[in-house]
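These are the residues of each chain, in order.
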Amino acid sequence: MAWPPFSVAAPAGTSLPDDSVNYGPAIPREAELRLLGDVSGKRVLDLGCGAGRNAVALARAGARTIAVDESAEQVGAARAAADDAGVKIELHQAPLAELAFLRAETIDAAICVGALTRVADIGRVFRQLHRVLRPEHHAVFAVPHPTFALVDPGSEDPLQVRRSAFEESAWP
């Protein structure tokens, strides 16, 4: 299985803890930050769930977790992670801006960790989140530092700077 850039997914065979939501490398976890608060019994959307690590952590915390990812491979990995953890997660393979399967104002909290970097129309994602989130409820986003665009994590030397910080063309 490929390891998508900016993802909290893990390469095949890598075991990562799933006891608390992870917002990224060198960032405190949900257990410390408490951005979502108590999720027990709440409907929580994990947008861009990757291999399901955060979805499993949310389900273990008692959330009724709905996880979405565009990649069939990642949704399959998330399904396997949920099965291994013995938790129930509602999984959907869909673009992050297509949440028609969710009724308006039915989500108590949403997280999106690293997945916005792959979205062409972020405005549409935000409009969909606005539609499905209950009024005055939380959405937590984690995005990579802008300097990450200077390197190519898929290259032979992933730490070598590959482009200027002043490059104005889109990053593929």
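Scroll up a little and you will see the structure.
None of these values were measured; they are calculated from a predicted model. Just so you know, the residues in each chain are numbered from 1, in the order the chain's sequence is written. Thresholds applied to this predicted model are a pLDDT of at least 70 for local features of residues and 80 or more for the giving and counting of side-chain atom pairs; totals over whole chains, interfaces and linings are not thresholded and use all residues. Side-chain measures here rest on the full set of heavy atoms in the structure, leaving out hydrogens and waters.

Colleague: If you had to explain the packing of aromatic side chains to someone new, which residues and values would you point to?
Modeller: Two aromatic rings, drawn from Phe, Tyr or Trp (for Trp, its six-membered ring), form a pair once their centres lie within 6.5 Å of each other, and the interplanar angle then sorts them: stacked below 30 degrees, edge-to-face above 60, tilted otherwise. Summed over all chains, the structure comprises one aromatic pair. Centre to centre, the rings of F126 and F141 are 5.2 Å apart; their planes meet at 85°, and the pair counts as edge-to-face. You can see F126 sitting in helix α4 (residues 122-132) and its partner F141 sitting in strand β5 (residues 133-142), a full 15 residues away along the chain. Only protein chains enter the area calculation, which uses a 1.4 Å probe; residues under 20% of their type maximum are buried, those over 50% are exposed, and those in between are partly exposed. On the accessibility criterion, F126 (39% relative accessible area) is partly exposed. By relative accessible area, which is 33% here, F141 ends up partly exposed. Helix and strand assignments follow DSSP, with helices taken as H or I runs no shorter than four residues and strands as E runs no shorter than two, numbered in order from the N terminus.

Colleague: Can you tell me about the side chain of D108, naming the residues and giving the values?
Modeller: Considering the arrangement of structural elements, one finds D108 in strand β4 (residues 107-113). In this structure D108 comes out as buried when scored by relative accessible area, which is 12%. Beyond its immediate chain neighbours, meaning those up to four positions away, D108 contacts K42, R43, L133, R134, H137 and H138. Contact between two residues is taken to exist if any of their heavy atoms lie within 4.5 Å; hydrogens are not considered.

Colleague: So what's going on with unusual backbone geometry? Residues and values would help.
Modeller: Although it is not a glycine, R34 sits at a positive phi angle of roughly 55°. For R34, the position within the fold is in the loop between α1 (30-33) and β1 (43-47). A residue is classified by how much of its surface remains accessible, and R34, at 63% relative accessible area, is exposed. For E136, which is not a glycine, the phi torsion comes out positive at approximately 65°. Turning to its location among the elements, E136 is positioned in strand β5. Judged by relative accessible area, which is 80%, E136 ranks as exposed.

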